[in-house]
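# Summary of structural features
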Amino acid sequence: MGCGTAMLSDENLAKRAKRDFNRMKGKETLSTNASHNKMIKEIGERIAGVAQVDLPGTEWEFVVFEKKEANAFAMPGGKVGVYSGLIELADGDADEIAVVIGHEIAHVSFRHSNKRMTQAMGIALGGVILNAALRDKDSTDRRLATGAYAAGTTLGMTLPYSRENEREADHRGLFYSAMAGYDPRAAIRFWSKMKKSGKRLPEIFSTHPNPGKRIEFLESHMDRAYALYVEAKNARGEKPNP
Ligand SMILES: [Zn+2]
């Protein structure tokens, strides 16, 4: 089709994501809760400030959707959505919410959607006839290839993140939130809460790490993250949580 590469450029993906995001804003109920909106904007901007080095020139936008599901997402080009259900599950705790926003923004800075998309295009362009050839593939592959065919819509959101993507986003996201001055230990609190509630962070289709393993992984990076948090708090002239 000749446009394979161009189709996957950061610029093109950002443009499509922006269109999808605007469409979503037009269709879904936006939160009118002033304190939710203010909090998400502040957390988002502080984390975006840290992520700026990985994503220069991004037109960030943070929107709270009035939806019961505990969910959040970030699309290529810096379009970030947080559902009111997530804020509720986090009991309005900014540190916990920052961990999730950090995780979502880390997916963008790793260009996970772009990579999944490239992979999906590879599957699709390889001349694979979807239903027949993918019958034996696992459902992730099938969703990837189907997603590539449905590329015209909700591009940033149709493709599942792999377990490896999740781990990378957990790792970098923890440091993003800490460097933005949010207590990274909230990650343990938040994921434990998720585990206990039996809920999952849907992020549409991610392949979710086992919650116990995720907590263990985050714990293993906590000393370093905490040190960065203390540094960030000091730089802000604020007192870190002991
Ligand atoms: Zn994720």
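Here is what the cut-offs are and how they apply
- Per chain, residue numbering runs from 1 following the sequence as it is written.
- Selection of residues for local features in this predicted model requires a pLDDT of at least 70, selection of side-chain atom pairs for listing and counting requires 80 or more, and totals for whole chains, interfaces and linings are taken over all residues.
- Hydrogens and water are ignored here; the side-chain numbers use all heavy atoms of the structure.
- Buried means the residue's accessible area, taken with a 1.4 Å probe over protein chains only, is under 20% of the maximum for its type, while exposed means over 50%, and partly exposed covers the values in between.
- The way it works is that DSSP assigns letters per residue, a run of H or I at least four long becomes a helix, a run of E at least two long becomes a strand, and they are numbered from the N terminus.
- In short, DSSP must find at least two bridges between two strands for them to pair.
- What makes a salt bridge here is a side-chain nitrogen of Lys or Arg within 4 Å of a carboxyl oxygen of Asp or Glu, nothing more.
- Stacked, edge-to-face and tilted are the three classes for Phe, Tyr and Trp ring pairs, Trp counted by its six-membered ring, which pair at centre distances within 6.5 Å; planes under 30 degrees apart are stacked, over 60 edge-to-face, the rest tilted.

With 5 of its 5 residues buried, strand S3 (residues 79-83) lies for the most part within the structure. Residue alternation in S3 divides its side chains into two sets, Lys79, Gly81 and Tyr83 and Val80 and Val82, and both sets are buried. In this structure, strand S1 (residues 61-65) lies alongside S3, joined through 5 bridges in parallel fashion. When the bridges of S3 are listed, Val63 appears paired with Gly81. Relative to S3, strand S2 (residues 72-75) runs antiparallel, the two being bridged by 4 bridges. The partner of Ala72 across the bridge, within S3, is Val82. Between the end of S2 and the start of S3, which pair antiparallel, lie 3 residues, with Gly77 showing a positive phi angle near 90 degrees.

Another point: the pattern of salt bridges. On inspection of all chains with the given rule, the structure shows 18 salt bridges. Between Asp91 and Lys193 there is a salt bridge; the shortest N-O distance is 2.8 Å. Taken as a pair, Asp91 in the loop between helix H4 (84-89) and helix H5 (94-109) and Lys193 in helix H11 (residues 186-197) lie far apart in primary sequence, 102 residues in all. Owing to a relative accessible area of 22%, Lys193 belongs among the partly exposed residues under this scheme. For Glu238, the salt bridge is made with Arg236, and the minimal N-O distance between the two is 3.4 Å. Owing to a relative accessible area of 31%, Glu238 belongs among the partly exposed residues under this scheme. Residue class for Arg236 comes out partly exposed when judged on its relative accessible area of 37%.

If you walk through the whole model with that rule in mind, you get 8 aromatic pairs. Pairing Phe65 with Phe73 gives two aromatic rings, centres 6.3 Å apart and planes at 25 degrees, and the pair type is stacked. Like Phe65, the residue Phe73 is buried in the burial classification. Taken together, a centroid distance of 5.7 Å and an interplanar angle of 45 degrees make the contact between Tyr226 and Tyr229 tilted. One end of the pair, Tyr226, and the other, Tyr229, are both in helix H13 (residues 222-235), 3 residues apart, so they sit about a helical turn from each other. Assessed through its relative accessible area of 25%, Tyr226 is described here as partly exposed.

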